[in-house]
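# Residue-level structure breakdown
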Amino acid sequence: MRVILAQPRGFCAGVVRAIETVEQALRKYGPPVYVRHEIVHNKFVVESLKAKGAVFVEELSEVPPRAVAIFSAHGVSNAVENDAAARGLAVINATCPLVTKVHNQGKRYATQGRVLILIRHAGHPEVEGTQGQIPAPVHLVQTIDDVAALDVPTDTPVAYVTQTTLSVDDTREIIAALEYRFTDIRGPDTKDICYATQNRQVAVRELTKLVDVILVVGAKNSSNSNRLREIGAGSGIPSYLIADGRELEPEWLRGVDTVGITAGASAPEVLVEDVIGALRRLGPVEVSTLPGREEAIEFRLPPELATA
Ligand code: SF4
């Protein structure tokens, strides 16, 4: 069986920074440090950090007074920031700089008096954070039908921002519908929504031209991993989202010569290797990697840890 790995795949710079933030905080302050929400959407990553002394909570009320609290890569609302300050917590904010950039774009448009529209993926924590950072009502749209249903007059000055788990391709049609609907509309340059989301989607499209089945390594609650699977399936290639090699079903491989593997932005490479290991247990495997796009982006750690 041939195995072709998508390139790039797996960890993005925002995820690397978020994990490093927790590890450095554990080194600097000692365990426990409290992390609000899964630091990134991957159980393996969360369990590894738990083993090192991180405690994951859903609400700040679960964090003891004056403890170290880390905000996840997905970002938080102003209300959460204020709550942390009121509780006297030592906060380290691991929000991905690209998510912060979306917050800042939204704030700038709101300051200009524009009605804000957020192009989003339903049920993602990033939406709550972005909405809660912008000091004005934010309309949410996910589909062209949502755009048509917006209760906003067409000559209202509006602006849109987009969630980072959506690629340029995902948002193109919705932005076109917004531009058709509104006469005075602004939006950021969509080229830089998130380089990692875009690159992983381009890479999985390349994979669909070469393989019989696609395995996406990632968590079920990882938005970008789900999207990679949808792109594979949408191209007519049977595509499966699996957390690790244990979830591989041999019947997916019946009559298959070439397997494509990619991984969501929060899935570590060790889980890709685990899936390759599971394939090897079924028979000989020859692995190659697509040339793909080089990624050299790195983000600095939060200021509290800059010297760590
Ligand atoms: S996928 Fe993009 S926005 Fe999300 S953490 Fe990674 S780099 Fe940041």
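A brief look at the structure comes next. Since the model is a prediction, treat every value here as computed from it, not as a measurement. Once a new chain begins, its residue numbering starts again from 1 and follows that chain's sequence as written. At least 70 in pLDDT is required for a residue's local features to be given in this predicted model, at least 80 for side-chain atom pairs to be given and counted, and no such filter applies to totals for whole chains, interfaces and linings, which use all residues. Side-chain numbers here rest on the full set of heavy atoms in the structure, without hydrogens or water.

## Notes on the overall build of the protein
In terms of regular secondary structure, the protein is built from 10 helices and 13 strands. The globule rule puts the C-alpha radius of gyration for 308 residues at 19 Å, and the 21 Å found for the protein is close to it. Expressed as lengths along the three principal axes of its C-alpha atoms, the size of the protein is roughly 60 × 55 × 30 Å. In this analysis, two residues are considered to be in contact whenever any of their non-hydrogen atoms come within 4.5 Å of each other. Once local pairs closer than 6 in sequence are excluded, the contacts in the protein between residues at least 24 apart make up 75%. Computed with the Shrake-Rupley method and a 1.4 Å probe, the accessible areas treat only the protein chains shown as cover for residues. Per element, the accessible surface of the protein, about 14,000 Å² overall, is 51% carbon and sulfur. Placing the 32 positive and 38 negative side-chain charges of the protein at their respective mean positions leaves the two points 3 Å apart. Here a helix means four or more residues in a row that DSSP labels H or I, a strand means two or more in a row labelled E, and each is numbered from the N terminus. The reference for a compact globule is 2.2 Å times residues^0.38; the radius of gyration itself is calculated from the C-alpha atoms. In this count, Lys and Arg are taken as positive residues and Asp and Glu as negative ones, while His and the chain termini are left out. For this purpose, a charge sits on NZ of Lys, CZ of Arg, CG of Asp or CD of Glu.

## A look at the pattern of salt bridges
What makes a salt bridge here is a side-chain nitrogen of Lys or Arg within 4 Å of a carboxyl oxygen of Asp or Glu, nothing more. Evaluated as defined, the whole model comprises 15 salt bridges. For the salt bridge of Asp169 with Arg172, the shortest nitrogen-to-oxygen distance reads 3.1 Å. A residue pair is termed a helical-turn pair when its members lie 3 or 4 positions apart in one helix, as Asp169 and Arg172 do in helix H7 (residues 168-181) at 3 residues. Only protein chains enter the accessibility calculation, which uses a 1.4 Å probe; a residue whose area is less than 20% of its type maximum is buried, one above 50% is exposed, and one in between is partly exposed. Judged by relative accessible area, Asp169 falls into the partly exposed class, the value being 27%.

## Let's talk about the site of the ligand
Being near a molecule or strand, for a residue, means having at least one of its heavy atoms within 4 Å of it. All residues in the neighbourhood of the ligand are listed as Cys12, Gly14, Cys96, Leu98, Thr164, Cys194 and Tyr195. Under the convention adopted here, Pro, Cys and the residues Ala, Val, Leu, Ile, Met, Phe, Trp and Tyr are nonpolar, Asp, Glu, Lys and Arg are charged, and Gly plus all remaining residues are polar. Within the shell around the ligand, the residues separate by chemical class into 5 nonpolar, 2 polar and no charged.

## Some remarks on the sheet that holds strand S7 (residues 138-141)
Overall, parallel pairing links the 4 strands, which are arranged S7-S6-S8-S9 in an open sheet. For this open sheet the edge positions go to S7 and strand S9 (185-186), each flanked by a neighbour on one side alone. Where strand S8 (residues 158-162) meets S9, 2 bridges bridge the pair, whose relative direction is parallel. Paired with Val158 across the strands is Ile185, a residue of S9. Across the sheet, helix H4 (residues 97-111) lies against strand S6 (115-119), S8 and S9, angled at about 175 degrees from S8, the strand it touches most. Lying over the sheet, H7 contacts S6, S7, S8 and S9, oriented at roughly 155 degrees with respect to S6. In this description, strands pair whenever DSSP reports at least two bridges between them. Lines fitted to C-alpha atoms define the axes, with helix axes restricted to the stretch in contact, and inter-axis angles between N-to-C directions lie between 0 and 180 degrees.

## Considering the nonpolar core
What makes a nonpolar core is a set of buried Ala, Val, Leu, Ile, Met, Phe, Trp, Tyr and Cys residues whose side-chain atoms join them at distances within 4.5 Å. Counting residues in each nonpolar core, the largest one holds 30 residues, and the members touching the most others are Val22, Val33, Ile39, Leu49 and Ile70. If one sorts the elements of this core by residue count, helix H1 (residues 13-29) sits on top with 7 residues.

## Digging into the pairing of strand S10 (residues 213-217)
Of all 5 residues in S10, 5 are buried, a share of seventy percent or more. Neither face of S10 is open: one carries Val213, Leu215 and Val217, the other Ile214 and Val216, and all of them are buried. Looking down the strands as they point away from you, a crossover is right-handed if its path from the first strand over the helix to the second goes clockwise. Once you follow S10 into helix H9 (residues 223-234) and on to strand S11 (residues 239-242), the crossover reads as right-handed.

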